[in-house]
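# Geometric and topological summary
One-letter residues, chain by chain:
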Amino acid sequence: MSIPLVTGAAVVKPIGKATRDTPRMAWAMDCLILIAISWIVLWSGLGTTKLWDQDEGYYASVALEMFDRGDWLEPTFNQELFAHKPPLMFWGMIAGMKLFGVTEFAVRVPSALFGTGMVLLTYWLARMLFDRRTALLSGSVDRKSTRLNSSHEWISRMPSSA
């Protein structure tokens, strides 16, 4: 343990371990670790493949129609009202299309953003209820378990043996 140096009326904190272990720095480091895990799991290869299943293409088509019409309020599919889902997902896809163009990456960006947010929220809740170790494990397991549930992505990225 280091003792701060006193010079006149001011207290000078030593540089080193005493300033690195502050709670704010621990939170920041933990968040950076969890964002790195989310980057590897959620963001790597986000736009390298085509849209997966019928639903992903279906919802992307709804967002594309809204994007083409410039209408953020009325979701349609084949020019018919599509009121089966709340519009937040479509708004995110449209924003992605405005930022990155009409690509698979742009359509998947909102899901990756919300997934990263979910990791950080899980960490924050666990940190409030338990301790730092439990919070880090909770946040990292959250992303890994979601990735394992979508194993069709892993299978399609594997090189074929034929």
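Residues numbered from 1 in each chain as written. Predicted model: local features only at pLDDT ≥ 70, side-chain atom pairs only at ≥ 80, totals over all residues. Heavy atoms only, no water.

### With respect to the pattern of salt bridges
Here the structure, examined in full by the defined rule, presents four salt bridges. We note a salt bridge from R132 to D30, for which the minimum N-O separation is 2.7 Å. Taken as a pair, R132 in helix α6 (residues 132-149) and D30 in helix α2 (residues 23-43) lie far apart in primary sequence, 102 residues in all. Within this structure, D30, R127 and R132 form a network of salt bridges that share partners. (Salt bridge = Lys/Arg side-chain N within 4 Å of Asp/Glu carboxyl O. Helix = DSSP H or I, 4+ residues; strand = E, 2+ residues; numbered from the N terminus.)

### Comments concerning the nonpolar core
Core analysis: the biggest nonpolar cluster contains 12 residues, these being Y59, A60, V62, A63, M66, F82, F90, M93, I94, M97, A106 and V107. Here A106 is in contact with M93, G96, M97, F100 and G101, once residues within four sequence places are set aside. (Core = buried A, V, L, I, M, F, W, Y, C linked by side-chain atoms within 4.5 Å. Buried < 20%, exposed > 50% of the residue type's maximum accessible area, 1.4 Å probe, protein only. Contact = heavy atoms within 4.5 Å.)

### Some remarks on the packing of helix α4 (residues 88-100) against helix α5 (residues 104-129)
Taken N-terminus to C-terminus, the directions of α4 and α5 make an angle of 125 degrees; their axes are 7 Å apart at the nearest point. Relative to α5, the element α4 is oriented oblique. Between α4 and α5 the crossing geometry is right-handed. Residues L88, G92, M93, G96, M97 and F100 of α4 pack against F105, A106, V107, V109, P110 and F114 of α5. (Axes fitted to C-alpha atoms, helices over the stretch in contact; angles between N-to-C directions. Parallel < 35°, antiparallel > 145°, perpendicular 65-115°, else oblique. Left-handed = near helix turned anticlockwise from the far one by under 90°.)

### With respect to the packing of α2 against α5
Contact geometry for α2 and α5: axes closest at 10 Å, N-to-C directions at 145 degrees. In this structure, α2 meets α5 at a crossing whose hand is right-handed. Only F105, V109, A112, L113, G115, T116, V119, L120, Y123, W124, R127 and M128 of α5 make contact with α2, whose side of the interface consists of A26, W27, D30, C31, L34, I35, S38, L42 and W43. A breakdown of the residues in the contact of α2 with α5 according to their chemical character gives 16 nonpolar, three polar and two charged. (Nonpolar A, V, L, I, M, F, W, Y, C, P; charged D, E, K, R; others polar.)

### Looking at α2
Its 21 residues give α2 an end-to-end C-alpha distance of 28 Å, which sits within 8% of 30 Å, the value for a rise of 1.5 Å per residue. Burial in α2 covers these residues: A26, D30, L34, S38, V41, L42 and W43. (Expected span 1.5 Å × (residues − 1).)

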